[in-house]
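A look at the structure
One letter stands for each residue in the lines below.
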Amino acid sequence: MAQSKEQRILEFVKENAAKGDPQSVVDHIDKYCNQKEWAMNVGDEKGLILDKVFTETNPTTVLELGTYCGYSAIRMAQLMKQGSRLLTVESKPEHAAVAKQLIEFAGVQDKVQILEGATETIIPSLKTKYEVDQVDFVFIDHFKNFYTSDTKLLEKCGLLKKGSVLLADNVVYPGAPDFLEYVRTSGHYDCTNYPSHVEYSDKLDAMEKAVFKGN
Ligand SMILES: O=c1[nH]cnc2c(O)cc(-c3ccc(F)cc3)cc12
Ligand SMILES: [Mg+2]
């Protein structure tokens, strides 16, 4: 079986990054994707926006929709306080498998739990199966066509509380126009746009922060 791009990223990190050092893992994924092969990690430029918004929120319970290789999960885990936890949802088993190994290599496996499956199936099970009460921070970075329906599902399942922060990647490119329309006009969110660029590229992109105002 030919090696996948994600397996090549994993191999580069294992051979070059410092084991147990999350920032070294993040830096080496960026190095590989800047120099060798583009991949859809949030990247270093948007990663700094993620870090800033995450730190401002200082969350205890974090949900990520779209793990991919685990780059943003590792970025967030290194900023998380003791006793906090990150649940990250990935629909592709081959991506989850690579993410698991990168998360373990980075040494953040105690804070991060990878949930394999579809978001629309997993979100409704978070309270019962994963003992989640409510989420403080949600990083939305999966399929743009699911941003809005998954946001509405989070509301419906009672997983958001007043002040819960949604941060969505790629709202300009590939684009999530219906999500922007929903969070900006529903009356349930205070929104902030953070212009940036597509990872490892000069294409324009942006992230959108949407703070839930409560029911
Ligand atoms: O599909 C995506 N999921 C999550 N994040 C993405 C992301 O950050 C970038 C892109 C992407 C960007 C440029 C391009 F030419 C083709 C795909 C896709 C996803
Ligand atoms: Mg993205």
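See above for the structure.
Remember, predicted model here, so these are calculated numbers, not experimental data.

Time to look at the overall build of the protein chain. Each helix and strand in the protein chain was counted, giving 10 helices and 7 strands. Here the C-alpha radius of gyration of the protein chain, 16 Å, is about what a compact globule of 215 residues would show, namely 17 Å. Reported as C-alpha extents along the three principal axes, the dimensions of the protein chain are approximately 50 × 40 × 35 Å. Every one of the 215 residues in the protein chain was classed for burial, and the buried ones make up 54%. Once local pairs closer than 6 in sequence are excluded, the contacts in the protein chain between residues at least 24 apart make up 72%. When the accessible surface of the protein chain is split by element, carbon and sulfur atoms take 51% of a total near 9,700 Å².

A word on the packing of helix H1 (residues 5-16) against helix H5 (residues 93-106). As a packed pair, H1 and H5 sit with axes 10 Å apart at the nearest point and diverge in direction by 10°. Judged on the interaxial angle alone, H5 and H1 are roughly parallel. Between H1 and H5, the residues in contact are Glu6, Gln7, Leu10, Val13 and Lys14 and His95, Val98, Gln101, Leu102 and Phe105, respectively. Classifying every residue of the contact of H1 with H5 by side-chain character gives 5 nonpolar, 3 polar and 2 charged.

On to the coordination of the magnesium ion (ligand 2). Six octahedral donors at a metal ideally form angles of 90 or 180 degrees, and four tetrahedral donors ideally form angles of 109.5 degrees. Around the magnesium ion (ligand 2), the protein supplies Asp141 (OD), Asp169 (OD) and Asn170 (OD1) as donor atoms, at distances of 2.0 to 2.2 Å. Spacing between the donor residues of the magnesium ion (ligand 2) along their common chain follows D-x27-D-N. Here Asp141, found in the loop between strand S4 (135-140) and helix H8 (147-156), pairs with Asn170, found in the loop between strand S5 (160-168) and helix H9 (171-175); they are 29 residues apart in sequence, far enough to count as distant. Asn170 gets classed as buried once you look at its relative accessible area, which sits at 11%.

Take the packing of aromatic side chains next. One pass over the structure, following the stated rule, counts 6 aromatic pairs. Ring plane angle 65° and centroid distance 6.3 Å describe the contact between Tyr182 and Tyr189, whose orientation is recorded as edge-to-face. Over the ring of Tyr182 we find Lys152, and its NZ or CZ is 5.0 Å from the ring centre. Of note, Lys203 hangs over the ring of Tyr173, and the distance from its end group to the ring centre comes to 4.7 Å.

Between its first and last C-alpha, helix H2 (residues 22-35) extends 20 Å over 14 residues, near the 20 Å set by a 1.5 Å rise per residue. Restricting attention to buried positions, one finds in H2 the residues Pro22, Ser24, Val25, Val26, His28, Ile29, Asp30, Tyr32 and Cys33. If you follow the buried residues of H2, they end up packed against H1, helix H3 (43-57), helix H4 (71-77) and H5. Taking the backbone nitrogen of Gln23 as reference, a side-chain oxygen 3.1 Å away marks Asp21 as the first, capping residue of H2.

By nearness alone, every residue bordering ligand 1 is listed as Trp38, Met40, Asp141, His142, Asp169, Asn170, Tyr173, Pro174, Val198, Glu199 and Lys203. Backbone polar atom of His142 to a nitrogen atom of ligand 1: 2.9 Å apart, as the coordinates give it. Within the complex, the protein chains bury 74% of what would otherwise be the 420 Å² of accessible surface of ligand 1. When grouped by side-chain class, the residues that make up the shell around ligand 1 number 5 nonpolar, 2 polar and 4 charged.

The subject of this paragraph is the packing of H8 against helix H10 (residues 177-185). The interhelical angle for the contact between H8 and H10, taken along N-to-C directions, is 35°, at an axis separation of 8 Å. Two secondary-structure elements touch here, H8 through Tyr147, Thr148, Thr151, Lys152 and Glu155 and H10 through Asp178, Phe179 and Tyr182. Along the lines of polarity and charge, the residues of the contact of H8 with H10 split into 3 nonpolar, 2 polar and 3 charged.

Rules used throughout
Residues numbered from 1 in each chain as written. Chains lettered and ligands numbered in written order. Predicted model: local features only at pLDDT ≥ 70, side-chain atom pairs only at ≥ 80, totals over all residues. Heavy atoms only, no water. Helix = DSSP H or I, 4+ residues; strand = E, 2+ residues; numbered from the N terminus. Rg over C-alpha atoms; globule rule 2.2 N^0.38 Å. Buried < 20%, exposed > 50% of the residue type's maximum accessible area, 1.4 Å probe, protein only. Contact = heavy atoms within 4.5 Å. Areas by Shrake-Rupley, 256 points an atom, 1.4 Å probe, with all protein chains shown as cover. Axes fitted to C-alpha atoms, helices over the stretch in contact; angles between N-to-C directions. Parallel < 35°, antiparallel > 145°, perpendicular 65-115°, else oblique. Nonpolar A, V, L, I, M, F, W, Y, C, P; charged D, E, K, R; others polar. Donors = N, O, S within 2.8 Å, 3.2 Å for Na, K, Ca; no water. Phe/Tyr/Trp six-rings, centres within 6.5 Å; stacked < 30°, edge-to-face > 60°. Lys NZ or Arg CZ within 6 Å of the ring centre and 35° of its normal. Expected span 1.5 Å × (residues − 1). Polar contact = N/O pair within 3.5 Å; in protein donor to acceptor, adjacent residues only side chain to side chain. Near = heavy atom within 4 Å.

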